[in-house]
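# Reading the structure
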Amino acid sequence: MSEMDDLAAFAVLIEAGSFTLAAQQLGCSKGQLSKRISLLESRFSVVLLQRTTRRLSLTAAGAALLPQAQALLVQVERARQALARLKDDVSGPVRMTVPVSLGETFFEGLLMEFARTYPDVQIELELNNGYRDLTRDGFDLAIRSDAAIDERLVARPLLAWHEMTCASPAYLEHYGEPATPQVLAEHRCLLNSHYSGREEWLYHQQHELLRVRVSGPFASNHYSLLKKAALAGAGIARLPSYLLHEELADGRLRWVLRDYQTRRMPMYLVHPYQGGLPKRTQVLADYLIDWFKRSGEALDRLQR
């Protein structure tokens with residue numbers, strides 16, 4: 001324990017009037033408390049207390065030190081109250097980093113909706129596909145895949161997505177709709193250059209793994225660009241399910257090879273491990289969890 005801790009313990013002891021009550025308030029044993037007072041006396045080379053079986057009385061040195069110890073307790077309590085007010089205050093900045101495609105798809109409308117409910121929370125949103133150290137870089141929240149979770153972070157499930165094979169009606173009318181994954185080898189496919197194996201697309205059906213070699217006129221590491229190319233009729237793309245709500249609903253893109261599954265990938269809302277989030281961060285985290293739950297339910301209805 002530090003000297004300040006021992007001074008605070010001294011003030012608590014005098015206020016409680018007994019070692020038994022003070023030890024209960026401090027969450028330690030009577031022996032531990034007695035040792036702390038003895039260390040304080042040794043540190044200052046004075047006797048602070050006259051101890052009898054019935055009562056405690058202050059020496060002159062103890063009486064001189066007590067106001068300073070009590071003032072320290074008051075400062076500690078004021079600091080605790082200030083932090084409590086900060087934690088409960090639904091205002092102030094929240095810094096967040098999310099993958100580019102996810103941020104471009106959802107966050108403009110989502111955060112505008114959030115701002116109507118919590119107008120005093122200022123959100124700074126970074127779109128970044130790279131790894132960010134939340135503590136070092138000063139971020140309150142992030143969205144991560146399970147591969148990026150580490151033990152320093154608290155992770156809450158946000159959504160599970162999978163890549164959907166899709167194309168525009170115009171492309172399918174011109175080139176035909178593939179009935180099986182193997183037929184993709186004959187089509188113009190839009191490739192994701194973020195993946196080293198971008199020319200091999202994997203599918204599952206009834207526990208069978210299918211590997212298909214594909215090629216095409218365009219590749220990008222950006223899902224949004226691949227979606228634009230698919231909408232323009234440039235080819236068949238594999239896009240995250242979370243990117244396709246509007247396009248599937250209004251028919252601008254059609255989901256092909258529906259009977260063949262692709263790997264489902266979870267994403268998490270994460271924050272640095274700490275005792276409790278500030279209220280402004282907590283309400284945003286809860287809002288995101290609820291929003292993506294409702295969004296996932298809407299997409300599930302489209303896929304039935």
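Now for a description of the structure that goes with this document. Keep in mind that this is a model prediction, so the values were computed, not measured.

Moving on, we get to the side chain of Asp133. Structurally, Asp133 can be placed in the loop between strand E4 (121-127) and helix H6 (134-137). Residue classification places Asp133 among the buried residues on the basis of a relative accessible area of 12%. From its side chain, Asp133 meets the backbone nitrogen of Thr135 in a polar contact 3.2 Å long. What Asp133 contacts, discounting residues up to four positions off in sequence, is Gly138 and Arg152.

Two descriptors summarise a pair of aromatic rings, namely the distance from one centre to the other and the angle between the planes of the rings. Taken as a whole, this structure holds 6 aromatic pairs when the rule is applied. Ring centres of Phe114 and Tyr287 lie 5.3 Å apart, and the angle between their planes is 70 degrees; this geometry places the pair in the edge-to-face category. Here Phe114 is found in helix H5 (residues 100-117), whereas its partner Tyr287 is found in helix H10 (residues 279-303), with 173 residues between them in sequence. The same class applies to Phe114 as to Tyr287, namely buried. An aromatic cluster of three or more residues is present, and its members are Phe114, Tyr118 and Tyr287. Taking NZ or CZ as reference, Arg95 lies 4.1 Å from the ring centre of Phe139, over its face. It is Arg238 that lies over the ring of Tyr203; its NZ or CZ is 4.8 Å from the centre.

Once that is clear, we can look at the nonpolar core. In terms of nonpolar packing, the biggest core is built from 40 residues, with Met96, Phe107, Ile143, Leu288 and Phe292 touching the most fellow members. Elements that contribute at least two residues to this core include exactly strand E3 (92-98), H5, strand E5 (141-145), strand E6 (153-167), helix H8 (223-231), strand E11 (236-240), strand E13 (264-272) and H10. If you tally residues by element for this core, the top one is H10, at 7 residues. Counting contributing residues, this core receives three or more from each of domain 2 (92-153 + 266-303) and domain 3 (161-264). Not counting the four nearest positions on each side in its chain, Phe292 is found in contact with Leu102, Phe106, Phe107, Leu110, Leu158 and Leu159. By size, the runner-up hydrophobic cluster in this structure holds 21 residues, among which are Ala22, Leu48, Leu49 and Leu66.

As enumerated under the stated definition, the model contains 14 salt bridges in all. Of the charged contacts, one joins Arg238 and Glu163 as a salt bridge, the two residues approaching to 3.1 Å between their closest N and O atoms. Of this pair, Arg238 sits in strand E11 while Glu163 sits in strand E6, and the two are 75 residues apart along the sequence. For Arg238, a relative accessible area of 11% translates into the label buried. Across the pair Glu177 and Arg254 runs a salt bridge, and its minimum N-O distance is 2.9 Å. Placement of the pair is Glu177 in the loop between helix H7 (169-175) and strand E7 (189-192) and Arg254 in strand E12 (residues 254-255), with a sequence separation of 77 residues. The class for Glu177 is partly exposed, based on a relative accessible area of 45%. With relative accessibility at 35%, the residue Arg254 sits in the partly exposed group.

About the thresholds
- Residues numbered from 1 in each chain as written.
- Predicted model: local features only at pLDDT ≥ 70, side-chain atom pairs only at ≥ 80, totals over all residues.
- Heavy atoms only, no water.
- Helix = DSSP H or I, 4+ residues; strand = E, 2+ residues; numbered from the N terminus.
- Buried < 20%, exposed > 50% of the residue type's maximum accessible area, 1.4 Å probe, protein only.
- Polar contact = N/O pair within 3.5 Å; in protein donor to acceptor, adjacent residues only side chain to side chain.
- Contact = heavy atoms within 4.5 Å.
- Phe/Tyr/Trp six-rings, centres within 6.5 Å; stacked < 30°, edge-to-face > 60°.
- Lys NZ or Arg CZ within 6 Å of the ring centre and 35° of its normal.
- Core = buried A, V, L, I, M, F, W, Y, C linked by side-chain atoms within 4.5 Å.
- Domains from an automatic or database assignment.
- Salt bridge = Lys/Arg side-chain N within 4 Å of Asp/Glu carboxyl O.

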